[in-house]
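Listed below, chain by chain, are the residues.
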Amino acid sequence: MKKFTIAFVAVVTVFACVMLILNCRPMFRGAPRLTVAGTGVVQVERDRAVTSVAISVLEPTATAAMNHATNVYSTVREAIIAAGAKPSDLTTTGISVSHEYSYYNTERPVLLGYRSVVSVQIETAVDVVAKVLDTAVTTGGDYVTIAGITFTNKDTNKAADTSRIRAIADAKNKAKLYAQKLGLDVRATVKVLETSTSIPSPIRPNFDKGGSEGVLPIDAGNAKVSTSVEVTFLLG
């Protein structure tokens, strides 16, 4: 008798669950749906600067040119590290020694000597890059050339996540507005599709701020991280 009672209860429970599913399916299947787009934008301050510095010397022989460039670069490297750059911020990107000729007003090229160039990329914090560049030029003098500067961000993951949250909230607010005007309510979220997430690319600087005496003023500016989504809601 006890086994029969347990079996009967189990059958009744299963039957009730099946009836609940069958009753719910028509409600969700026929319920109106609304798909809206949402956008989230976050402003982030650029905190990293990337620049290239080269040491270029001309000497009568290749050996002399290489030795001279090495000595100048070693002195400049020590100085920019002392100015705030870390050794890990430096990446040697080129070392070369080549003939250098003059073609001006001559029938044949005239050998002027041997040009040795040592190039290094410096990626450092924005707040020290001006001092680093000023130190490089002051230390290396006429042997130093600077090939531009760009700004970027060390980490944009947190900003990207925030932009996603704002994009979802934007879509939900739009859905509530539309549903209200239609005399309906937003019941549930059916689908979320992230259509794009824009991460800021490196940019050229805007030199429009005054700096301290003797140091080049540099303005890194802000960047935008944006996310676009499409969200489908169930109305009722």
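Residues numbered from 1 in each chain as written. Predicted model: local features only at pLDDT ≥ 70, side-chain atom pairs only at ≥ 80, totals over all residues. Heavy atoms only, no water.

> Please provide a residue-by-residue account of the overall build of the protein, values included.
Helix and strand counts for the protein stand at four helices and seven strands. When the helices and strands of the protein are placed in sequence order, the string is α-β-β-α-β-β-α-β-α-β-β. In the protein, buried positions account for 31% of the 236 residues. Within the protein, residue pairs in contact and separated by at least 24 positions form 82% of the contacts whose partners lie at least 6 positions apart. Surface accessibility of the protein: about 15100 Å² in total, with carbon and sulfur atoms responsible for 56%. (Helix = DSSP H or I, 4+ residues; strand = E, 2+ residues; numbered from the N terminus. Buried < 20%, exposed > 50% of the residue type's maximum accessible area, 1.4 Å probe, protein only. Contact = heavy atoms within 4.5 Å. Areas by Shrake-Rupley, 256 points an atom, 1.4 Å probe, with all protein chains shown as cover.)

> Run through helix α3 (residues 126-140), naming residues and quoting values.
With 15 residues, α3 extends 22 Å between its outermost C-alpha atoms, agreeing within 8% with the 21 Å of an ideal straight helix rising 1.5 Å per residue. All of the buried residues along α3 are V126, V129, A130, V132, L133, T135, A136 and G140. (Expected span 1.5 Å × (residues − 1).)

> Provide a residue-level description of the sheet that holds strand β4 (residues 110-125), including the pertinent values.
In space, the four strands of this open sheet follow the order β3-β4-β2-β5, with antiparallel pairing throughout. The open sheet has two edge strands with one neighbour each: β3 (90-102) and β5 (144-152). Put simply, the sheet's adjacent strands are angled 15° from each other on average, direction ignored. For strand β2 (residues 48-59) and β4, the ladder comprises 12 bridges, and the chain directions are antiparallel. Paired with A49 across the two strands is T124, which belongs to β4. (Pairing = 2+ DSSP bridges. Axes fitted to C-alpha atoms, helices over the stretch in contact; angles between N-to-C directions.)

> Talk me through the environment of S116; I want residue IDs and the actual numbers.
Relative to the helices and strands, S116 is located in strand β4. Separated by 18 residues in sequence, S116 and S98 place their C-alpha atoms 6.6 Å apart. Beyond its immediate sequence surroundings of up to four residues, S116 is in contact with I55, S56, V57, A65, M66, A69, S96 and V97. In terms of polar contacts, S116 uses its side chain to reach the backbone carbonyl oxygen of S96, at 3.3 Å. (Polar contact = N/O pair within 3.5 Å; in protein donor to acceptor, adjacent residues only side chain to side chain.)

> Pulling in residues and values, what's your account of the packing of helix α2 (residues 62-82) against α3?
Axis separation between α2 and α3 bottoms out at 9 Å; the angle between their running directions is 145°. For α2 against α3, the interelement crossing comes out right-handed. Residues V72, T75, V76, A79 and I80 of α2 form the contact with α3, whose participating residues are V132, T135, A136, T139 and G140. (Left-handed = near helix turned anticlockwise from the far one by under 90°.)

> Outline the nonpolar core, supporting the account with residue identities and numerical values.
Counting 26 residues, the largest nonpolar core has V53, I55, V76, I80, I122, I149 and F151 as its most contacted members. For this core, the secondary structure elements donating two or more residues are β2, α2, β4, α3 and β5. If one sorts the elements of this core by residue count, α3 sits on top with six residues. V36, A171, V229 and F233 belong to the second largest nonpolar core, which has 10 residues in total. (Core = buried A, V, L, I, M, F, W, Y, C linked by side-chain atoms within 4.5 Å.)

> So what's going on with the sheet that holds strand β1 (residues 33-45)? Residues and values would help.
On the basis of which strands lie adjacent, the open sheet formed by three strands has the order β1-β7-β6 and antiparallel pairing. The strands lining the two open edges of the sheet, one partner per strand, are β1 and β6 (186-198). Strand-to-strand, the axes of this sheet are offset by a mean angle of 25°, without reference to chain direction. Bridging between β1 and strand β7 (residues 222-235) involves 13 bridges; their strand directions are antiparallel.

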